[in-house]
Structure formats: C-alpha cells, structure tokens
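Notes for the structure review
In case you want the letters, here they are:
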Amino acid sequence: MSSARPLCVLCERPTADGAVQVVHVDKEKLQNWLLNICGHEFAEEIENHDLICYFCIWHAEFLTKHGLDFQVDSWWPQDYLDDAAKELRKSYFDGMVEQSWVQLEEIDELESEEEKSETEFLTEQRKSKCFYCMKSFRHSRNLTSHVKKAHKNVI
C-alpha cells in the first residue's frame, strides 16, 4: 500500500498540508493567472479531480495582495479551510511557515537486498580469523586476546 500523496498541478509537489480540487476553482481565471504569472499554460488539460495545494493558493493570494495584480480576478475559492488550515494560512501570511517537502528516493527492493548482501559479504571479509583454529572475530583486539589465551602454548 502506497503512502504517497497526490501532486499539486501547479507546483508538482506533494499535497501533504492540504489541497483544493480543481472543480472548486474557476478554471478560466486559473488559466489566465498562470499565463500572466508564469508565462505558460498547462501542458495538459486539467481535470476536475486534480488538486491545487494550499501553498500555491496562498502564494497566489499573497501576490495579489502585495501589488502584483495582473488584472486577473481571484481564481481560488473563498471559503475552503478548516480551523487547522486557517491557522496554517495565518502563519504563512505572517512569514512563519514555508512550504517544505523532501523528495524521497524510490528504492528497488531487489537492488537494496543485493546491496545488503554485498555489505554483509564485505563485513565478513573484514572479520579477523585466528590462523590456528580459524575462528572469526570482529575486532582484532579480540583476536589478539584469543590467541594469547587459547594458543599460549604455541606462541
């Protein structure tokens, strides 16, 4: 079962902190806004089930409120937040919260198992062996004390 979050259609980052479905925004105004702000349109047609993360919406609101109005009406919904999201939005506009995410590396289980067995093999090679009884020791100091105790008559 995958725990991956769906991606935002604008920033293409995981929508971990919440999102709004495109069906709840004005698509035409969104297209105009994207063309005016970013200088390009969506590469593919956006679907009603696609998501726009809160941070992209708040960034658009921030740009509009701080004089970067490109004669485009607001495309985002006006009443879409629960109490926790309202608090997060307030913190965002106060400059105390930024969008953060970590791109996780996909791991192929077969490769991971091969690397693990390779590491175990190298660890086995690094173990010290008693040349009298061929017993393996992880640390050379253990081997030294073993040889002194178990093979003192040979020394």
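Residues numbered from 1 in each chain as written. Predicted model: local features only at pLDDT ≥ 70, side-chain atom pairs only at ≥ 80, totals over all residues. Heavy atoms only, no water.

Our focus in this paragraph is the overall build of the protein chain. When you go through the protein chain residue by residue, the secondary structure sums to five helices and four strands. Counting across all 155 residues of the protein chain, residues that qualify as buried make up 26%. Long-range contacts, defined as pairs at least 24 residues apart, comprise 57% of the intrachain contacts of the protein chain with a sequence gap of at least 6. Taken as a whole, the protein chain presents about 11900 Å² of accessible surface, with 48% of it coming from carbon and sulfur. (Helix = DSSP H or I, 4+ residues; strand = E, 2+ residues; numbered from the N terminus. Buried < 20%, exposed > 50% of the residue type's maximum accessible area, 1.4 Å probe, protein only. Contact = heavy atoms within 4.5 Å. Areas by Shrake-Rupley, 256 points an atom, 1.4 Å probe, with all protein chains shown as cover.)

When we look at a pair of aromatic rings, we describe it by the centre distance and by the angle of the planes. Under the criterion given, the structure shown has nine aromatic pairs. Note on Phe55 and Tyr92: the rings are 5.7 Å apart at their centroids and 70° apart in plane angle, and the pair reads as edge-to-face. Of this pair, Phe55 sits in helix H2 (residues 54–65) while Tyr92 is found in helix H3 (residues 83–93), placing the two residues 37 residues apart along the sequence. Comparing Phe55 with Tyr92 shows no difference in burial state: the two are buried. The interplanar angle of 45° and the centroid separation of 5.6 Å between the aromatic rings of Trp58 and Tyr92 together place this pair among those described as tilted. A residue pair is termed long-range when its members are at least 10 positions apart, and Trp58 in helix H2 and Tyr92 in helix H3 qualify at 34 residues. In this structure, Trp58 and Tyr92 share a single accessibility class: buried. Through successive ring pairs, a cluster of aromatic residues spans Tyr54, Phe55, Trp58, Phe62, Tyr80, Tyr92 and Phe93. (Phe/Tyr/Trp six-rings, centres within 6.5 Å; stacked < 30°, edge-to-face > 60°.)

This next bit is on unusual backbone geometry. Despite not being glycine, Glu12 shows a phi value in the positive range, around 60°. Relative to the helices and strands, Glu12 resides in the segment before strand E1 (19–21).

With that out of the way, let us pick up the environment of Ala84. Relative to the elements of secondary structure, Ala84 occurs in helix H3. Ala84 sits in the exposed class, given a relative accessible area of 58%. Each C-alpha atom of the pair Ala84 and Asp17 lies 10.0 Å from the other, and the pair is 67 residues apart in sequence.

Take the side chain of His151 next. Tracing the sequence through the fold places His151 in the segment after helix H5 (140–150). On the basis of relative accessible area, His151 is assigned to the buried category, the value being 13%. Side-chain polar atoms of His151 contact the side chain of His146, separated by 3.2 Å. (Polar contact = N/O pair within 3.5 Å; in protein donor to acceptor, adjacent residues only side chain to side chain.)

Moving on, we come to H2. In this model H2 runs 16 Å from its N-terminal to its C-terminal C-alpha over 12 residues, within 8% of the 16 Å that 1.5 Å per residue would give. For H2, every residue scored as buried is listed here: Tyr54, Phe55, Cys56, Ile57, Trp58, Ala60, Glu61 and Leu63. On its buried face, H2 is in contact with E1, helix H1 (27–38), strand E2 (51–53) and H3. (Expected span 1.5 Å × (residues − 1).)

As for its placement among the helices and strands, Ser91 is situated in helix H3. In this structure Ser91 touches Met96 and Val97, once residues within four positions along its chain are discounted.

Listing the buried residues of H3 in full gives Ala85, Ser91 and Tyr92. Along the axis of H3, the buried residues cluster in a sector spanning 120°; they form a single face. Positioned one or two residues after H3, Gly95 has a phi angle of 80°, which is positive. (Arc of directions from axis to C-beta.)

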